[in-house]
Every structure is written in C-alpha cells, then in structure tokens.
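Fold and contact review
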Amino acid sequence: MAHHEHNLAIFRGKLKFKNNEQKIWGVFVFLSIVTIIEVALGIYKPESLMTPFMSPFEGGFLATLANIFLSPFIYMKPLNLIFIFLTIVKAYYITWDFMHMRDETKGLRRMVVWTAIFLICYLVLILLIEGDYIFEVYKENYIKFDF
C-alpha cells in the first residue's frame, strides 16, 4: 500500500493524489505552468534579463583564459540561462514521472539521468560556442569560409 501511495506523489512526496488520473492532471498543470513562464518570458523579454552579468575581461593571458572558460555562462544573457534551466527542469520531470525513473534502481536512474544531463550541457556549450563564432563572423563582415 505504501508503494502505491509513493507512485501517486509528486515533488518528492510533498503533493499526493488519490488516483492516477489526478496525478496526470497535476503533472500536466506543473509542466503547463513552467511552459507558460517560458513563453511569457520569450514574448516580453524583460530588459533587466537582456543584459549580461559581466563584460569580457581585457588584456593579459589570464584574462584570455577567463574569457575562454567563462564566456558560455557568465557573459550570456540571464534570460538564456533561465530558458536553459527551465528546459532541463521539464526534461528531468518528464523522465522522472512519465518514464517512471523514480521506481527504478539507483544505478539505472543515475546512468540515464546523468548521461542525459551531461549530453544536454555539452550540446548547450557547443551551440553557444558555435553560435558566438557565427555571430562574430557576420558582425565583422569577415567570412573565411563560404558556408
């Protein structure tokens, strides 16, 4: 009986439902709220979230190293970081609840979730680096390669 109650709980047991239908609607509402927040931020784009936290460092070898390692995250607009975070939250929650990862063994959960998180972070990093390169190429009107 306790296992059945665990299956009907979300948010680590903070919110419990009486049956599966209610739980599905609860998860639907949660994911809808997160999506509505993403869409609203994408439409309105608050000015306070459109300026980066920091500007790039100038001069010296250490400044160059700091720019290389910190540029994908610290110099990014906070709005982009919010979008990335909310997308990862939705992906994690869909995997945890709808793919029933919470009922699997700890090893399988870690293997699936950690691999997905690593690959998503790697994809975001590559997209940011390549996107910045393409932006700079077109901004400077300097095209080394004819794509």
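For the structure, check the block above.
Note that the coordinates shown come from a computational prediction; the quantities given were computed from them, not determined experimentally.

A short note on the overall build of the protein chain
Along its length, the protein chain carries five helices and two strands. The N-to-C order of helical and strand elements in the protein chain reads α-β-β-α-α-α-α. Burial status across the protein chain gives 22% buried among its 147 residues. Taken as a whole, the protein chain presents about 11,200 Å² of accessible surface, with 70% of it coming from carbon and sulfur.

Some points on the packing of aromatic side chains
Within the structure shown, the criterion is met by three aromatic pairs. Summarising the aromatic geometry, the rings of Trp25 and Phe28 are spaced 5.5 Å apart at their centres and angled 90° between planes, so their arrangement reads as edge-to-face. Note that Trp25 and Phe28 are positioned in helix H2 (residues 20-44) at a spacing of three residues, about one turn of the helix. Take Trp25: its relative accessible area is 51%, and that puts it in the exposed class.

Reading the values: rules and limits
- Residues numbered from 1 in each chain as written.
- Predicted model: local features only at pLDDT ≥ 70, side-chain atom pairs only at ≥ 80, totals over all residues.
- Heavy atoms only, no water.
- Helix = DSSP H or I, 4+ residues; strand = E, 2+ residues; numbered from the N terminus.
- Buried < 20%, exposed > 50% of the residue type's maximum accessible area, 1.4 Å probe, protein only.
- Areas by Shrake-Rupley, 256 points an atom, 1.4 Å probe, with all protein chains shown as cover.
- Phe/Tyr/Trp six-rings, centres within 6.5 Å; stacked < 30°, edge-to-face > 60°.

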